[in-house]
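# Examining the three-dimensional arrangement
Here is how the chains run, residue by residue.
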Amino acid sequence: MPLPSSPASPAAPAVLISEVGPRDGLQSVAAVMPTAAKLAWIDALHAAGVREIEVGSFVPAARLPQMADVAEVVRHAVALPGWTVMALVPNLRGAEAALAAGVHKLTLPLSASEAHSQANVRRSRAQMLDELRAIDRLRDRVAPGVALEVGLSTAFGCTLQGPVAEDEVVRLAAAAVEAGADEVGLSDTTGMADPAQVRRRFRQVHAAIGRHLGAAHLHNTRGLGLANVLAALDAGVRTFDSSQGGLGGCPYAPGASGNVVTEDLVFMLEAMGLDTGIDLERLMAAREVLRAGLPGEPLHGMTPEAGLPPGFVYADGRRPAGVTPAPEAA
Ligand SMILES: CC(=O)SCCNC(=O)CCNC(=O)[C@H](O)C(C)(C)COP(=O)(O)OP(=O)(O)OC[C@H]1O[C@@H](n2cnc3c(N)ncnc32)[C@H](O)[C@@H]1OP(=O)(O)O
Ligand SMILES: CC(=O)CC(=O)O
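Below or above, wherever it landed, is the structure these notes cover. Bear in mind the structure is a predicted one, so any value in this text is a computation, not a measurement. (Residues numbered from 1 in each chain as written. Chains lettered and ligands numbered in written order. Predicted model: local features only at pLDDT ≥ 70, side-chain atom pairs only at ≥ 80, totals over all residues. Heavy atoms only, no water.)

Below, the discussion takes up the site of ligand 2. Lining the immediate surroundings of ligand 2 are Arg23, Asp24, Leu88, Ser153, Ser187, Thr189, His217 and His219. At 2.6 Å, a side-chain N or O of Thr189 approaches an oxygen atom of ligand 2. His219 places a polar side-chain atom, nitrogen or oxygen, 3.1 Å from an oxygen atom of ligand 2. When the free accessible area of ligand 2 is taken as 240 Å², the share hidden by the protein chains comes to 90%. Under a 2 Å grid-point criterion requiring more than half of the atoms, the pocket assigned to ligand 2 is the largest pocket. Considering only residue class, the shell around ligand 2 consists of one nonpolar, five polar and two charged. (Near = heavy atom within 4 Å. Polar contact = N/O pair within 3.5 Å; in protein donor to acceptor, adjacent residues only side chain to side chain. Areas by Shrake-Rupley, 256 points an atom, 1.4 Å probe, with all protein chains shown as cover. 1 Å grid on protein atoms, 1.4 Å probe; cavity = no way out; pocket = protein on both sides within 12 Å on 5 of 7 lines; lining within 4 Å. Sits in = over half its atoms within 2 Å of the grid points. Nonpolar A, V, L, I, M, F, W, Y, C, P; charged D, E, K, R; others polar.)

Quick look at the structure:
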């Protein structure tokens, strides 16, 4: 799909930002955010116009105590209208609990690298495909309206295994669709991707699975997060995972660090004329709610530091309430 030629283009395609902070962000910080603080943050993200959110993961609390309250968090989030609430599940047991809590969408991590699969879920990739088939059968039986996503972790390289072959990524994406995934996204778990690789890999996977192509989940470990977003946009991707304050990182992938910063991503896309539906000033307010819930935790992002530039206009033509129009527009 071509990008719009001007920021004001009325034909600007919608880009879906999938906020993963409450899951990917909170799994990566040592502190356990109190449930009330999580709910306040989620409410603030909803008020900012976020349309898809990953609110947690159904994993053993002994592994990730940050996620021990996930069922309560899901129940709260699904009561808010107009957005898709998703949760990560590593197995059938997690899927059963997530569906019982009322999620709209499940996401299963399937590692492209065998070494990361063993480190992350203590299962082989083949076993995870079996798990996916079992989750798909469960979903069909008890909640056929629930979407099932697979995120292909380490799709651009792995700090445990090293390079990950493109053919292997394409093979696993196709196998995941065959096993029941509605969408397959590609994840740069340890921030090893470059834009040329991102463009090529998404195009290859798109050629193999067509409409099942899902999100780009890009970590900013080497500062290439936004450049990689542009490359993925170029390859036709229209859903991007990102995390408020850039929090994130897999605890079972050495060297993993934060995601693309939602605030910077929304600013970039809106400035390019790509409607995200997100209000940046309310997103900044949500950032303060996050900061209050995680005192002392550094939050990343350039746009929150610099503020919106004079004359900034959203893709849909709105002006931010607190921004002075540029001289020529005044
Ligand atoms: C790239 C990323 O960022 S992905 C997200 C980050 N990574 C993760 O969240 C890691 C997820 N991994 C895991 O949770 C684990 O590796 C598992 C559950 C998938 C597998 O671990 P194993 O130890 O092999 O699990 P196993 O099936 O043997 O069960 C161990 C215990 O956990 C319990 N358990 C298993 N799955 C779950 C679950 N989804 N939720 C709660 N408890 C569970 C079992 O009942 C068992 O409990 P018991 O000891 O009281 O009998
Ligand atoms: C599940 C994820 O968090 C995706 C990844 O970074 O591999």
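Our focus in this paragraph is the packing of helix α6 (residues 125-142) against helix α7 (residues 166-178). As a packed pair, α6 and α7 sit with axes 10 Å apart at the nearest point and diverge in direction by 25°. By the angle between their axes, α6 is roughly parallel relative to α7. Relative to α7, the crossing made by α6 is right-handed. Mapping the contact onto sequence places Arg125, Leu129 and Leu132 in α6 and Glu168, Arg171, Leu172, Ala175 and Ala176 in α7. For the contact of α6 with α7, a count of residues per class yields five nonpolar, no polar and three charged. (Axes fitted to C-alpha atoms, helices over the stretch in contact; angles between N-to-C directions. Helix = DSSP H or I, 4+ residues; strand = E, 2+ residues; numbered from the N terminus. Parallel < 35°, antiparallel > 145°, perpendicular 65-115°, else oblique. Left-handed = near helix turned anticlockwise from the far one by under 90°. Contact = heavy atoms within 4.5 Å.)

Residues in contact with ligand 1 amount to 20 residues; listed here are only the nearest, Gln27, Asn91, Arg93, Asn120 and Arg123. Within the side chain of Gln27, a nitrogen or oxygen atom sits 2.9 Å from an oxygen atom of ligand 1. A distance of 2.4 Å separates an oxygen atom of ligand 1 from a polar atom in the side chain of Arg93. Against a free-state accessible area of 1,000 Å², the protein chains account for coverage of 68% of ligand 1. Here ligand 1 is seated within the largest pocket. Here the shell around ligand 1 takes three residues from helix α5 (residues 114-121), the largest share from any one element. Of the residues contributing to the shell around ligand 1, the split by class is nine nonpolar, six polar and five charged.

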